[in-house]
Amino acid sequence: MKALMVLLGVTASVVAVWALAFFADRRVEASPPVATTPPQHLTLTVLNDSDQMAGPKLLLRPGRVVLTIVNYARHAHTFSAPGLGVEQVVVPGSPIHPSKTVVRFTARHGWFPWFCRFPCDMGGTLYVSSNPPRLHGPLWANATA
Ligand SMILES: [Cu+2]
């Protein structure tokens, strides 16, 4: 009788371990790897030589990002976000012929300040969330897949 109880106990343990492994694997399969999801395309625009901007606060999902910086200013800037390992020079443009600089990076969950390393007041924040608050709807709409 004791041997039967031990056998039942061992069998139950094996089934429990198998079930845990089975469901753990399925949970991993449910979220696709970052590399297979399409990148998010966002735009940041430097509107003039006074460095006024459209879109300095960027709301995005975790994953790959393609950020296009349109520069109408006649001088260079940088888009520097050390928290995400992003460091990019933004080349000068002009009011008639704006430059376009494309920055590619992978965003992880959190919020990250960005700034220009040159003497200007440009800067903003990247808010990375898989569940963005409704308050930021217009900004979220900027992040199209
Ligand atoms: Cu600048």
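Since this is a predicted model, take the numbers as computed values, not measurements. (Residues numbered from 1 in each chain as written. Predicted model: local features only at pLDDT ≥ 70, side-chain atom pairs only at ≥ 80, totals over all residues.)

A.B. asks: How do you make sense of the overall build of the protein chain when you look at a structure like this?
C.D. replies: Along its length, the protein chain carries two helices and nine strands. Beginning at the N terminus, the succession of helices and strands in the protein chain can be written as α-β-β-β-β-β-β-β-β-β-α. Counting across all 145 residues of the protein chain, residues that qualify as buried make up 17%. Of the contacts formed within the protein chain by residues at least 6 apart in sequence, a portion of 55% connects residues at least 24 apart. (Helix = DSSP H or I, 4+ residues; strand = E, 2+ residues; numbered from the N terminus. Buried ≥ 20, exposed ≤ 12 C-beta atoms within 10 Å, placed from the backbone. Contact = placed C-beta atoms within 7 Å.)

A.B. asks: Please explain the nonpolar core as it appears in this structure.
C.D. replies: Counting residues in each nonpolar core, the largest one holds 16 residues, and the members touching the most others are Leu42, Leu58, Leu60, Phe79 and Leu126. Elements supplying a minimum of two residues to this core: strand S1 (40-46), strand S3 (57-60), strand S4 (63-71), strand S5 (77-81), strand S6 (86-90) and strand S9 (123-128). Filtering out sequence-adjacent residues up to four positions away, Phe79 remains in contact with Ile69, Val86, Gln88, Val90, Val103 and Trp114. (Core = buried A, V, L, I, M, F, W, Y, C linked by C-beta atoms within 7 Å.)

A.B. asks: Any chance you could explain unusual backbone geometry here in plain terms?
C.D. replies: In the Ramachandran plot, Asp51 falls in the positive-phi region, its phi being about 65 degrees despite a non-glycine side chain. On the secondary structure map, Asp51 appears in the loop between S1 and strand S2 (53-54).

A.B. asks: Sorry if this is basic, but what is going on with the sheet that holds S1 here?
C.D. replies: What links the strands of a sheet is backbone hydrogen bonding, and the strands pair in either a parallel or an antiparallel sense. Pairing is mixed in the open sheet, where four strands are placed in the order S2-S1-S4-S7. Looking at which strands have only one partner, the edges of the open sheet turn out to be S2 and strand S7 (99-107). Across nine bridges, S4 lies against S7 in antiparallel orientation. Its bridge partner lying in S7, Thr68 is registered against Val102. (Pairing = 2+ DSSP bridges.)

A.B. asks: Just checking my understanding: could you explain the confidence of the model for the protein chain for this structure?
C.D. replies: Predicted coordinates in regions of low pLDDT should not be interpreted in detail. For the protein chain, the average pLDDT comes to 79, and 66% of its residues sit at 70 or higher. In the predicted structure, residues 19-30 sits below a pLDDT of 50 and forms zero contacts with residues beyond four places in sequence or in another chain. Confidence drops under a pLDDT of 50 for residues 135-145, and excluding neighbours within four residues, the segment shows 16 contacts in the predicted structure. (pLDDT = per-residue confidence, 0-100.)

A.B. asks: Help me out: how do you make sense of the environment of Leu60 in this one?
C.D. replies: Here Leu60 shows up in strand S3. Under the C-beta neighbour-count criterion, Leu60 is labelled buried, with 22 such atoms within 10 Å. Considering only alpha carbons, one finds Leu60 and Ala107, 47 residues apart in sequence, at a separation of 8.2 Å.

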